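Topology and contacts: notes
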Amino acid sequence: MQNIHAHAWDPEKHIAPATRAEADRARGRPMDLSTPFDKFMADAAPFEKTVVFGLKARRTGYWVPDDYVADFVGRAPDKLLGFACCDPTQENALADLRHGIEELGLVGVKMVPMYAGFDPRDARCQAIYAYCQENGLPILFHSGTTFNQDAPLEFTRPWLFDEVGFRYPELRMVLAHVGHPFCEECLVVIRKHPHIYADISALYYRPWQFYNMLIAAQEYNVTNKLLPGTDYPFAGGVESIEGLRNSNAIIGNSGLPQVTAATIAKLQGYLADFPDPKPEIMLNEWNKDFDFADPNSPSYQLLSVEEMALSARRAAFTAANLLSFMAAGLDWSHYFLLWDSCCYPEQFASFYSPASTRGVMYKHWNETGHRFGLFSEGGAVRPQYFVYQMLSRMCRPCAAKASCRCSLSTMTRRNRAI
């Protein structure tokens, strides 16, 4: 399970006294906003990875330098992923963001429209969105309620991001807290935009609203677009996990519909490699119908590249799957384990993300013997090589169109045409 939402800061240095006092009033008691590293790591123990950021919003008294976050995550680079923060109301906002990404090595962006006092559709945001889209950087936006008096609620509504999604269709966005209390509004936004998600951080301690949000997510069929998070130090890791597991407790034996076990399990395990928009491994069992135990099975027959490429059950189905991934905006590294392989990675570096090539292709493919691959151990070309070559010649609109009607006969005809 991953945690997509956790803060790191020194409240005495990074949060104005008046803002800290507002937090105390909202909770009805003094609130400890400190995030010392050892305490932070203890809270993060249940998670494989945790995304960490500060906050930048001059209007409401938050300012955590990106250098602080970079130093913080640098103490546990295998566990923590750092996001830069950006306040577009400030001069040099884009230059500061580029410093965080290009010089400090942070891997995503946190923006807080309500706290900083800007409309997400503001012209000052456009260069930032363009930079993030071009560089594959996800943006996590605060959306929903707050205790800060000077944070305008008009800038926190989830529907505002509908227009951002139109303008930047490849930009990966996450709307924090499912836009609470405007949760259903948030769900209909993430439903219609392929690359807009929501996180469920800091919702479990409002159990009735949390339950209703999860039921609505099931009904809209968008549970796959909800990401786990805590909002630490406002909520803890163990409590957040237990709150999710116990999301049905609020209804008792009332007979109201329940949040399904599948939804809970999906949220706990979803998107293991987030925030990288290109997860490194995705297994598929499309070839399970082949009888690999039978030496006389067609899957064992040695055919030419052309014959294999025109085999609908192999090359065409492979192409159909790959095209579907491309149409969804995913790179082909999602699918490289469709065929276990003994291959020469340098010849296919352009097809895979760098982490895929480094972490899997060299380490796994060339150390372990496999039955199928892009090449045989002797270097002979196999049919999936033809598939990749075919796809490399196709533009994205063509690929998207093909993936919508990817019957075997259609894909086979496309192979012949190319």
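Residues numbered from 1 in each chain as written. Predicted model: local features only at pLDDT ≥ 70, side-chain atom pairs only at ≥ 80, totals over all residues. Heavy atoms only, no water.

Considerations on the overall build of the protein
- Across its full length, the protein carries 18 helices and 10 strands.
- Counting the 418 residues in the protein, one finds 53% classified as buried.
- Relative to all contacts within the protein whose residues are 6 or more apart in sequence, the contacts with residues 24 or more apart total 75%.
- When the accessible area of the protein is evaluated, it comes to approximately 18800 Å², of which 52% is carbon and sulfur surface. (Helix = DSSP H or I, 4+ residues; strand = E, 2+ residues; numbered from the N terminus. Buried < 20%, exposed > 50% of the residue type's maximum accessible area, 1.4 Å probe, protein only. Contact = heavy atoms within 4.5 Å. Areas by Shrake-Rupley, 256 points an atom, 1.4 Å probe, with all protein chains shown as cover.)

A look at the sheet that holds strand β10 (residues 226-227)
- On the basis of which strands lie adjacent, the open sheet formed by eight strands has the order β1-β2-β5-β6-β7-β8-β9-β10 and parallel pairing. Of all the strands in the sheet, the pair left with one neighbour each is β1 (2-7) and β10.
- One ladder, built from three bridges, connects strand β8 (residues 173-175) with strand β9 (residues 196-199); its direction is parallel. Residue pairing across strands places Leu175 opposite Ala198, the latter belonging to β9. (Pairing = 2+ DSSP bridges.)

A short note on a nonpolar patch on the surface
- A contiguous nonpolar patch, built from Trp208, Ile250 and Leu256 and spanning about 280 Å² of accessible area, is present on the exposed surface.
- One can find Trp208 in helix α10 (residues 207-220). (Patch = residues over 30% accessible without salt bridge, like charges linked within 9 Å, V, L, I, M, F, W, Y side chains within 5 Å. Salt bridge = Lys/Arg side-chain N within 4 Å of Asp/Glu carboxyl O.)

Things to note about the packing of helix α9 (residues 183-192) against α10
- Two elements in contact, α9 and α10, have axes whose closest approach is 10 Å; the angle formed by their N-to-C orientations is 30 degrees. Between α9 and α10, the crossing angle belongs to the class labelled roughly parallel. Crossing geometry of α9 relative to α10 is assigned as right-handed. Together, Cys183, Glu184, Leu187, Val188 and Arg191 of α9 and Met213, Ala216, Ala217 and Tyr220 of α10 make up the contact between the two elements.
- Within the contact of α9 with α10, the residues separate by chemical class into seven nonpolar, no polar and two charged. (Axes fitted to C-alpha atoms, helices over the stretch in contact; angles between N-to-C directions. Parallel < 35°, antiparallel > 145°, perpendicular 65-115°, else oblique. Left-handed = near helix turned anticlockwise from the far one by under 90°. Nonpolar A, V, L, I, M, F, W, Y, C, P; charged D, E, K, R; others polar.)

Observations concerning helix α5 (residues 93-103)
- Those residues of α5 not exposed but buried are Ala93, Leu97, Gly100 and Ile101. Each buried residue of α5 lies within a common arc of 90 degrees when the element is viewed along its axis, so the set occupies one face.
- Along its buried surface, α5 packs onto α4 (66-74), β5 (80-85), β6 (108-111) and α7 (126-134).
- Among the residues trailing α5, Gly105 stands out with phi positive, at a value near 80 degrees. (Arc of directions from axis to C-beta.)

As for the pairing of β5
- Burial of β5 is extensive: five of the six residues sit out of reach of the surface.
- By the bridge criterion, three bridges tie strand β2 (residues 49-53) to β5 in an arrangement that is parallel. What sits directly across from Val51, in β5, is Leu81.
- Relative to β6, β5 is paired through three bridges, and the arrangement is parallel. Note that in β6 the partner of Phe83 across the bridge is Gly108.
- With respect to chirality, the unit in which β5 leads through α5 into the neighbouring parallel β6 is right-handed. (Right-handed = clockwise from strand over helix to strand, strands pointing away.)

Quick word on the nonpolar core
- Among the nonpolar cores identified, the biggest contains 78 residues, and Leu97, Met111, Tyr129, Cys132, Val178, Met213 and Leu226 are the most heavily contacted of them.
- Considering every element that reaches this core, the biggest residue donor is α10, with seven residues.
- Look past the residues within four positions of Met111 in its chain and what remains in contact with it is Cys86, Pro88, Phe118, Cys125, Ile128, Tyr129, Ile139, Leu140, Phe141 and His142. (Core = buried A, V, L, I, M, F, W, Y, C linked by side-chain atoms within 4.5 Å.)

Concerning the packing of α5 against α7
- Between α5 and α7, whose axes approach to 10 Å, the crossing angle comes to 20 degrees. Relative to α7, α5 is oriented roughly parallel. Note on packing geometry: the crossing formed by α5 with α7 is right-handed. Contact residues: α5 offers Ala93, Leu94, Leu97, Arg98, Ile101 and Glu102, while α7 offers Ala127, Ile128, Tyr131 and Cys132.

Details of the packing of aromatic side chains
- In total, this model carries 14 aromatic pairs according to the counting rule given.
- Summarising the aromatic geometry, the rings of Tyr129 and Phe141 are spaced 6.0 Å apart at their centres and angled 75 degrees between planes, so their arrangement reads as edge-to-face. Placement of Tyr129 in helix α7 and of Phe141 in strand β7 (residues 139-141) is noted, with a sequence separation of 12 residues between them.
- A residue is classified by how much of its surface remains accessible, and Tyr129, at 0% relative accessible area, is buried.
- Joined through ring pairs, the aromatic side chains of Trp9, Tyr62, Tyr115, Phe147 and Phe234 make up one cluster.
- Over the aromatic face of Phe37 sits the side chain of Arg75, whose NZ or CZ is 4.0 Å from the ring centroid.
- Just above the ring of Phe182 sits the side chain of Arg157; from NZ or CZ to the centre is 3.9 Å. (Phe/Tyr/Trp six-rings, centres within 6.5 Å; stacked < 30°, edge-to-face > 60°. Lys NZ or Arg CZ within 6 Å of the ring centre and 35° of its normal.)

Looking at the environment of Leu97
- Relative to the helices and strands, Leu97 is located in helix α5.
- By relative accessible area, which is 0% here, Leu97 ends up buried.
- With residues near it in sequence (within four places) discarded, Leu97 still touches Ala84, Cys86, Val109, Ile128, Tyr131 and Cys132.

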